[in-house]
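# Inside the fold
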Amino acid sequence: MEDISGAPTLRSAGEVAEARKALLSRHAHVMEPAAVSRCLGADAADWRRFAVHWEDLAHDEYAAQEGTYRLRRYGHFTLDRTGALRPMPHLAFAQPEDTNPLYTGVDRHFEPLTDVFVADPLFKSLMRLLGRIASCLQDADIWSVKVHPFRVVASADSAGLPTPEGRHRDGVTLVTSLMIARENAVGGQSSVYMPDGARILVTTLQEPGTLLLGDDRATLHEVGPLRPADTTRPARRDVLVTTLTAHHSAERDAQVG
């Protein structure tokens, strides 16, 4: 999927190439905020504007059943070779069998992304960047793109669990996590594993704009508990999780939801 629209600079093209090389060799990679900003053509004002969308998330009742206070929304799109991003019908979110042990076979209903979120130029640029990166894993005319803005909240007596299901895979091609903001938080360490249990990458996403990429077909991942640094105040961790799955047709994608 080389010809995702846009005219990357030589420098950003090099950074995309580095990410692709790491995914092919190590199956996981962290892109630093400066590199991500260069690839997106984004500045500090763009990131501040984008972060405001996390103030308009909805309660995640499914995570609450596991004792985690989590806010989120959900959107589903297709992305084609030209970089055109098209919304899909807003259906229940379901993960394939043998991927997420906590929610396998469960249809979860989440509030849709807001119109202002979807219209944000940074969001659109990010989706095209992820399409460019994912092309190293599989050639696709159309990508199924599922978008999950999350906020996990922790308090002194209740740890925040970004992945209450523990170590898992999502049943997609490329899984990504973009740090948006952290406040009063310690923990939340991200780990990526091979199927035999060998840990191939560990990082704590701290600075806004840090992007963690993983080949979900070859790895599993989890994020450790989040706790407040100052126990008199809550902690929060805001991330954008985006997955891309190669499909041959948008019609098939519409059916799987």
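Further up the page is the structure itself.
First things first, this report covers the structure right here in the doc. For every chain, the first residue of the written sequence is number 1, and numbering continues from 1 along that sequence. Per-residue local features are limited, in this predicted model, to residues with pLDDT of at least 70; the limit for side-chain atom pairs, both in listing and counting, is 80 or more; totals at the level of whole chains, interfaces and linings are taken over all residues. To get the side-chain values, take all heavy atoms of the structure and skip hydrogens and water.

## A word on the overall build of the protein
Per the convention used, a helix needs a DSSP run of H or I reaching at least four residues, while a strand needs a run of E reaching at least two, with both numbered from the N terminus. The helix and strand inventory of the protein stands at seven helices and 14 strands. Residue burial in the protein is summarised as follows: out of 257 residues, 56% are buried. A separation of at least 24 residues holds for 80% of the contacts in the protein among residues at least 6 apart in sequence. When the accessible area of the protein is evaluated, it comes to approximately 11,300 Å², of which 52% is carbon and sulfur surface. Each residue's exposure class comes from its accessible area (1.4 Å probe, protein chains only) as a fraction of the maximum for that residue type: buried when under 20%, exposed when over 50%, partly exposed otherwise. Contacts are assigned to residue pairs that have any heavy atoms within 4.5 Å of one another. All accessibility values rest on the Shrake-Rupley procedure with a 1.4 Å probe; residue burial counts only the protein chains present in the view.

## Quick look at helix α2 (residues 33-40)
Burial analysis of α2 places six of its eight residues in the buried class, which makes it a mostly covered element. Taken as a whole, α2 has its buried residues at P33, A35, V36, S37, C39 and L40. Taken from the residues just after α2, G41 is the one with a positive phi, measuring 65°.

## Some details on the side chain of D216
Looking at where D216 falls in the secondary structure, it is placed in the loop between β11 (211-215) and β12 (220-223). A polar side-chain atom of D216 sits 2.9 Å from the main-chain amide nitrogen of V172. If sequence neighbours within four positions are ignored, D216 has contacts with R169, D170, G171, V172, T173, V175 and H221. Polar contacts here mean pairs of N or O atoms no more than 3.5 Å apart (in protein, one a potential hydrogen donor and the other a potential acceptor; neighbouring residues in sequence count only if both atoms are side-chain atoms).

## Thoughts on the sheet that holds strand β9 (residues 190-193)
Sheet strands pair via backbone hydrogen bonds, and the direction of the pair is either parallel or antiparallel. One open sheet accounts for three strands, arranged β10-β9-β12; its pairing is antiparallel. This sheet does not close on itself; its edge strands, each paired only once, are β10 (199-203) and β12. Sheet twist, expressed as the mean angle between neighbouring strand axes with direction ignored, is 15°. As defined by bridge partners, β9 adjoins β10 across four bridges and the pair is classed as antiparallel. Of the residues in β10, the one forming a bridge with V192 is L201. Pairing between strands is defined by DSSP: at least two bridges between them are needed. For helices, the fitted line uses only the C-alpha atoms of the stretch in contact; every axis is such a line through C-alpha atoms, and the angle between N-to-C directions lies from 0 to 180 degrees.

## Digging into the pattern of salt bridges
A side chain with one charge can pair with a side chain of the opposite charge if their charged atoms come near. Think of a salt bridge as a Lys or Arg side-chain nitrogen and an Asp or Glu carboxyl oxygen that are within 4 Å of each other. If you walk through the whole model with that rule in mind, you get 16 salt bridges. For D238, the salt bridge goes to R151, with nearest N and O atoms at 2.8 Å. Taken as a pair, D238 in strand β14 (residues 235-247) and R151 in strand β6 (residues 142-154) lie far apart in primary sequence, 87 residues in all. Accessibility classification places D238 together with R151 in one group, the buried group. Here the salt bridges share partners, and the residues they tie into one network are E55, R151, E183, R236 and D238.

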